There are 2 protein chains.
Amino acid sequence: MTDLKTITILFRATNTLTQEIAHQVNELGLSLSSFMACEALYHKGALSVAQLQSKVLIASSSLSYVIEQLKEKGIIDINHDEKDKRIRLCSLTQRGQNMMSEVYEKHVSAQRVRLDRLTPHEESLLQHLLKKIGLD
Amino acid sequence: MTDLKTITILFRATNTLTQEIAHQVNELGLSLSSFMACEALYHKGALSVAQLQSKVLIASSSLSYVIEQLKEKGIIDINHDEKDKRIRLCSLTQRGQNMMSEVYEKHVSAQRVRLDRLTPHEESLLQHLLKKIGLD
DNA sequence: CTATATTATTTCGAATTCGAAATAATTTCA
DNA sequence: TGAAATTATTTCGAATTCGAAATAATATAG
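Described below are features of the structure shown in this document.

Thresholds applied
- One numbering rule holds for all chains: residues counted from 1, following each sequence as written.
- To label them, take the chains in the order written and letter them from A, then take the ligands in the order written and number them from 1.
- Whole-chain, interface and lining totals are the exception, using all residues; otherwise, since this is a predicted model, local features are given only for residues with pLDDT of at least 70 and side-chain atom pairs are given and counted only at 80 or more.
- To superpose the copies, least squares is applied to the C-alpha atoms of every residue with a pLDDT of at least 70 in both.
- Residues are scored as being in contact if the C-beta atoms we place from backbone atoms lie within 7 Å.
- The rule for pairing is simple: two strands pair if DSSP sees at least two bridges between them.
- Numbering of helices and strands starts at the N terminus; helices are DSSP runs of H or I of at least 4 residues and strands are runs of E of at least 2.
- Burial is judged by counting other C-beta atoms within 10 Å of a residue's own C-beta: 20 or more means buried, 12 or fewer means exposed, and anything between counts as partly exposed, with every C-beta placed from the backbone.

It is worth spelling out the relation of the copies chain A and chain B at this point. Copies of the same chain, two in number, are related to each other by a rotation about an axis and a translation along it. For the pair chain A and chain B, the relating rotation is 180 degrees, the translation along its axis is 0.0 Å, and the fit reaches an RMSD of 0.0 Å. One copy is carried onto the other by what is essentially a two-fold rotation axis. Ranked by how close their C-alpha atoms come to the rotation axis, the residues of chain A are headed by A:L126, at 3.2 Å. When the interface residues of chain A are mapped onto chain B, 100% of them are again interface residues, pointing to one common binding face.

Set out below in structure tokens:
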């Protein structure tokens, strides 16, 4: 192959999913980035800003803004790490926990509808191929 | 499968490519969206705003801004369609043409380095799988 | 121990993006 | 025909994102 058709298709597919998820989480009053941050905290517990940044695909300066939003909404708490005072640890508040447990399964099902157009074998193949081109 | 790992991997791969391309075209003084618009015009010739929007994955209001930027830089021209005066046709200026012919092959090669981690068979398989989950 | 480098995070101003409403031209159909 | 609906695009203000510089804490090397 010599053209960039694959990239076009990749961008289109990602855009379709992104739009769909963004639209759903906007109804909770969250941006996609905010939701991705909550998702990470929901699964991993408390995370530093840097750890969150490896999950939410935005610049660290943008993440500061997102964290501020979530704090203002009472969805996350921020505590300083005692060992290393540079680090700020983010975690879901009870309110944030509740929100995620109410919403997360619905979110997964909605996305699985799309993914289930693939057989399990196709899906793991897709993962494999994407990892190949996505690694730095 | 029951989780959203595939989406995580998809978003990561797209983000990696997006960042890489954005970084390259920023050196031309263009945003990723501006470059995608130029790419479309370079391949298809004159396009209406709506036609461009189907290529560049942003809201029409955002595209208006992008088009304005490109016009100010002297990269595109805008003419009204004679048959339907609502339509504004965008096309590359000579300067825009020159820029794209200088830059486009390099852009393709840089991206093909990544894509060539896949065999031709794997690449067309990837296209096929992405189309399946990406269609509306 | 101190100066220097590194790491974690935020601040700042500018650029980009969005959605909703506005504008303007065309089409439909009663 | 001519009012109403549709289509193409832009305007507007707000939200999000960015990169570069600043801040602050820790680690390292001499």
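Further remarks concern the sheet that holds strand β1 (residues 47-48) of chain B. Residue and element names in this part refer to chain B. Across the sheet, three strands lie side by side as β1-β3-β2; this open sheet has antiparallel pairing. Where the open sheet ends on each side, the last strands, each with one partner, are β1 and β2 (76-80). Pairing of β2 with strand β3 (residues 88-92) involves five bridges; the strand directions are antiparallel. Bridge assignment links D77 to a residue of β3, and that residue is S91.

Attention now moves to the environment of A:E82. Looking at the secondary structure, you find A:E82 in the loop between β2 (76-80) and β3 (88-92). With 8 C-beta atoms packed within 10 Å, A:E82 lands in the exposed category.

Taken in spatial order, the three strands line up as β1-β3-β2 (chain A) in an open sheet, and their pairing is antiparallel. Since the sheet does not close on itself, it has two edges, and those belong to β1 (47-48) and β2 of chain A, each with one partner.

Remember that the coordinates give geometry; whether it matters functionally is a separate question.
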